[in-house]
Amino acid sequence: MPNFSLPDNVFEAAASRFPTPFHLYDEAGIRRKARALNAAFSWAPSFKEYFAVKALPNPHILKIFQEEGCGVDCSSECELLMAERCGFAGEEIMFSANAMPPEEFDHARALNAIINLDDMSDIDILAAHGGIPETICARFNPGGDFTLGTSIMGSPGDSKYGWTKEQLIQGMARLREMGAKRFGLHAFLASNTTDNSYYPKLAGILFELGAEVSAACGMPLAFVNLSGGVGIPYRPDQQEADIAWIGEGVRKEYTRVFGDPEKATVGIKTELGRFMTGPNGWLLTHAIHEKKIYKNYIGVDACASNLMRPAMYGAYHHIHICGKRDAQNEKVYDITGCLCENNDKFAIDRPLPEVKLGDLMVIHDTGAHGWAMGYQYNGRLRSAEILYTQDGDFRMIRRAETPEDYFATLV
Ligand SMILES: *Cc1c(COP(=O)(O)O)cnc(C)c1O
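Residues numbered from 1 in each chain as written. Predicted model: local features only at pLDDT ≥ 70, side-chain atom pairs only at ≥ 80, totals over all residues. Heavy atoms only, no water.

Enquirer: Explain the site of the ligand to me, please; I cannot follow it from the model alone.
Expert: The ligand sits among 15 residues. The nearest are Lys 54, Gly 229, Glu 271, Gly 273 and Arg 274. Taken by itself the ligand offers 380 Å² of open surface, and the protein chains cover 91% of this. Taken together, the residues of the shell around the ligand sort by class into three nonpolar, seven polar and five charged. (Near = heavy atom within 4 Å. Areas by Shrake-Rupley, 256 points an atom, 1.4 Å probe, with all protein chains shown as cover. Nonpolar A, V, L, I, M, F, W, Y, C, P; charged D, E, K, R; others polar.)

Enquirer: When you look at helix α3 (residues 59-67) in this model, what are you seeing that I'm missing?
Expert: The periodicity of an α-helix, 3.6 residues per turn, causes residues three or four positions apart to be oriented the same way. Within α3, burial applies to Ile 61, Leu 62, Ile 64 and Phe 65. Each buried residue of α3 sits inside an arc of 155 degrees when the element is viewed along its axis, so together they form one side. Where α3 starts, the residue carrying a side-chain oxygen 2.9 Å from the main-chain nitrogen of His 60 turns out to be Asn 58. Looking one or two residues beyond α3, the residue adopting positive phi is Gly 69, at roughly 90 degrees. (Buried < 20%, exposed > 50% of the residue type's maximum accessible area, 1.4 Å probe, protein only. Helix = DSSP H or I, 4+ residues; strand = E, 2+ residues; numbered from the N terminus. Arc of directions from axis to C-beta. Polar contact = N/O pair within 3.5 Å; in protein donor to acceptor, adjacent residues only side chain to side chain.)

Enquirer: What is the right way to look at the pattern of salt bridges in this model?
Expert: Two side chains with opposite charge may pair up if their charged atoms get near one another. Taken as a whole and assessed by the stated rule, the structure comprises 22 salt bridges. The shortest N-O distance in the salt bridge between Arg 17 and Asp 393 comes to 3.5 Å. With a gap of 376 residues between them, Arg 17 in helix α1 (residues 8-17) and Asp 393 in the loop between β18 (384-388) and β19 (394-398) connect regions that are remote in the sequence. With its nearest N and O atoms 2.7 Å apart, the salt bridge here joins Lys 324 to Asp 359. Of this pair, Lys 324 sits in the loop between β14 (319-321) and β15 (331-336) while Asp 359 sits in the loop between β16 (345-352) and β17 (360-363), placing them 35 residues apart in sequence. Connected through shared salt-bridge partners, Glu 27, Arg 31, Arg 35, Glu 67 and Glu 68 make up one network. (Salt bridge = Lys/Arg side-chain N within 4 Å of Asp/Glu carboxyl O.)

Enquirer: Would you mind showing me how to read the packing of aromatic side chains here?
Expert: Aromatic ring pairs are defined here through the distance separating the ring centres and the angle between the ring planes. A complete count under the given rule lists 16 aromatic pairs for this structure. Residues Phe 41 and Phe 47 carry aromatic rings whose centres are separated by 4.8 Å and whose planes lie at 10 degrees to one another, so their mutual orientation is stacked. Phe 47 carries the same exposure label as Phe 41, and that label is buried. A centroid spacing of 5.5 Å and a plane angle of 85 degrees characterise the contact between Phe 207 and Tyr 254, whose relative ring orientation is edge-to-face. (Phe/Tyr/Trp six-rings, centres within 6.5 Å; stacked < 30°, edge-to-face > 60°.)

This is how it looks when you write it as C-alpha cells:
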C-alpha cells in the first residue's frame, strides 16, 4: 500500500492556503516515529536518537525532535549553527566529521558536542582545533562488502568513510594518552534498507569490535552509535521496517555481548534521518502542462530543484492525484518538471488515472533529502515548507525563495 497517512482533504486545504509547489510535513506523524523509536530502544542504557539534520534542516522540525527527547547529528558549520540556535548543546549534538575544514572542530568543541572522527589523521587536527575531549567517537569501516543473508547491502571497501580496525586499535590508545577517558563507535554500512536485520547485524559487529578495542586501549566503551540507514518503503509493494522488532533484535545482540542491559553501561545511539521524516513529507504540485509526442507528458509546477532524488538516483516516489486515489490507472505518463535537463522527471512510464490540467498531484515520501537537496539550477528556486500541525492547522516554516534570494550573493 502507498503511504496514505493523510487524507486528500488535508492536501487540498493546504493547497488552497499556499501556492504550489511546496513540501508539506505532518507533525503528528513525525512525533509518532520519534515515540516508536524511543519505545523500541527503551531497554537500552541512555538511548538517544540524534536526528540527522541534513535530512530535513528546518529549526521547527528540530524543535519537534527536541521535544521528543532527541538530539541532532550535524556535519557542517551551518548545521551546527542551526542546532545551537535551537538550543541543542553538549551531548545532545553529534558532530560527524568527514574531510571538513578544521575550524568546524573548534565550533563543535565550543558547543561540547560529541565528536565523531572520520579518520585517524583527524586526531591531530582535533588536538589543534578545540582539543581532545574526554568522550570521543570514531567511525568504523570494515572494508569489503557488507551482506545481509545472501544480499550485498553496501560496499564499505569502496566507501570514503571511517577507520580500519587496526587504526582504531592504535588510534584509541593514542587518544587515551592525549586525555580521552572513554570512546564510542559508529558505522553506517547500508543506506535506506528496510531489512529488519540491518541494525541488529551492525550492532553485533560494533559491540564485538568495541569490546576488543576497549580491551586493547584500556578505555571503556561508552556507547555504540548505529547511525542512519534504516529505510522507508518508497514503493507501494515494499514492506515497512518494523522498528519494535529492530529494537528487540539489537537488544538480543547487546545481551549476547554485554549481558543484561539493566546492569551493563554501554549506551546506544542512533542517527536516523530518512526513517523519521521521509514518509511524513509530501511535495504538492499542480499539473500545468500536457504534451503528447512519442509519450504522454504531464508538466507540473515543481521540478528537480524541489526534489532531486528521482533525477539523481532514478529514485521511485509514489504519486497520486488528489481526489482520484481509487480511480483506475488507465493512462501511462512521464511526470516532468521544467528544467532544461531530460532527467527532470518525477516519474517515468507511470500508470496513473487520467490527469486533467489543474489537478493537484501529491508526490510521496519527500520529508527527507527532499527540500534539503534542492538547488537553483536553471534559475529555479527552492519552495516553501509547510507544517501540518498536530492541532490541524498549517504553518509556513520556510517561505519560498524569491528572485532577490537568487541574486543576493552576486557582487
Ligand atoms: C546521512 C547520515 C545519517 C542519516 O541517514 P538516513 O539514511 O537518513 O537515516 C546519519 N548519520 C550520518 C553520519 C549521515 O551522514
